[in-house]
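One letter stands for each residue in the lines below.
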Amino acid sequence: MLFSKIFAAGALMASSAMAALSPQQIADGLKTITDQSAAIKNPAQSITIVNAPLIVIGQGPFPQIISGFTKIVTTATVTISQLDGTQPITSEADATLVFDAFRAVSGSPVPSP
């Protein structure tokens, strides 16, 4: 009985430790989201009054856009779920890395070093 409690506590701590992300991993996850967003920009901009009704039958640019949004949501969900247990960022270089990645996701220009 006691063994099962110790095992459960150990498993919980291990899962938290395994889920923690480094600043580089956070930035990489955000860059992936930025790249996935950029990949659906052209199909989204190609929607016109002529091809907009094609959404009803799943044709035109819509399957590519829907698939792209699915990938974005999946990547964001995985990244967010892995943030649990991540330690505070104390290094200025690491903070800048993550901040710039957030800026890129939001579409704000990232200043050149």
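These numbers come from a predicted model, not from an experiment. (Residues numbered from 1 in each chain as written. Predicted model: local features only at pLDDT ≥ 70, side-chain atom pairs only at ≥ 80, totals over all residues. Heavy atoms only, no water.)

(A) Geometry of the overall build of the chain. On a plain count of helices and strands, the chain comes out with five helices and zero strands. Counting from the amino terminus, helix and strand elements in the chain follow one another as α-α-α-α-α. When the 113 residues of the chain are sorted by exposure, 19% land in the buried category. As displayed, the chain offers around 8,100 Å² of accessible surface, 68% of which is attributable to carbon and sulfur atoms. (Helix = DSSP H or I, 4+ residues; strand = E, 2+ residues; numbered from the N terminus. Buried < 20%, exposed > 50% of the residue type's maximum accessible area, 1.4 Å probe, protein only. Areas by Shrake-Rupley, 256 points an atom, 1.4 Å probe, with all protein chains shown as cover.)

(B) Up close: the side chain of T75. Secondary-structure assignment places T75 in helix α4 (residues 62-82). T75 gets classed as buried once you look at its relative accessible area, which sits at 16%. Sequence-distant contacts of T75, defined by excluding residues within four places in its chain, comprise G29, T32, I33 and Q36. (Contact = heavy atoms within 4.5 Å.)

(C) Structural detail: the environment of A27. Along the polypeptide, A27 turns up in helix α2 (residues 23-39). Along the backbone, A27 and T96 are 69 residues apart, and their C-alpha atoms lie at a distance of 9.9 Å. Residues within four places of A27 in sequence aside, it is in contact with L97 and A101.

(D) The arrangement of the pattern of salt bridges in detail. What the rule picks out here adds up to one salt bridge. Among the salt bridges present, the one from K31 reaches D35, with a minimum N-O distance of 2.9 Å. One end of the pair is K31 and the other is D35, both in helix α2 and four residues apart, which spans about a single turn. (Salt bridge = Lys/Arg side-chain N within 4 Å of Asp/Glu carboxyl O.)

(E) Looking closely at the side chain of T79. When you line up the elements, T79 lands in helix α4. The buried category is assigned to T79, whose relative accessible area is 11%. Within the local environment of T79, its side chain forms a polar contact with the backbone oxygen of T75, the two atoms lying 2.9 Å apart. Apart from the residues lying within four places of it in its own chain, the contact partners of T79 are L21 and G29. (Polar contact = N/O pair within 3.5 Å; in protein donor to acceptor, adjacent residues only side chain to side chain.)

(F) Representation of the nonpolar core within the structure. Counting six residues, the largest nonpolar core consists of L21, I26, A27, L30, V98 and A101. Going through the elements one at a time, α2 and α5 (92-106) are the ones with two or more residues in this core. For this core, the element with the highest residue contribution is α2, accounting for three residues. (Core = buried A, V, L, I, M, F, W, Y, C linked by side-chain atoms within 4.5 Å.)

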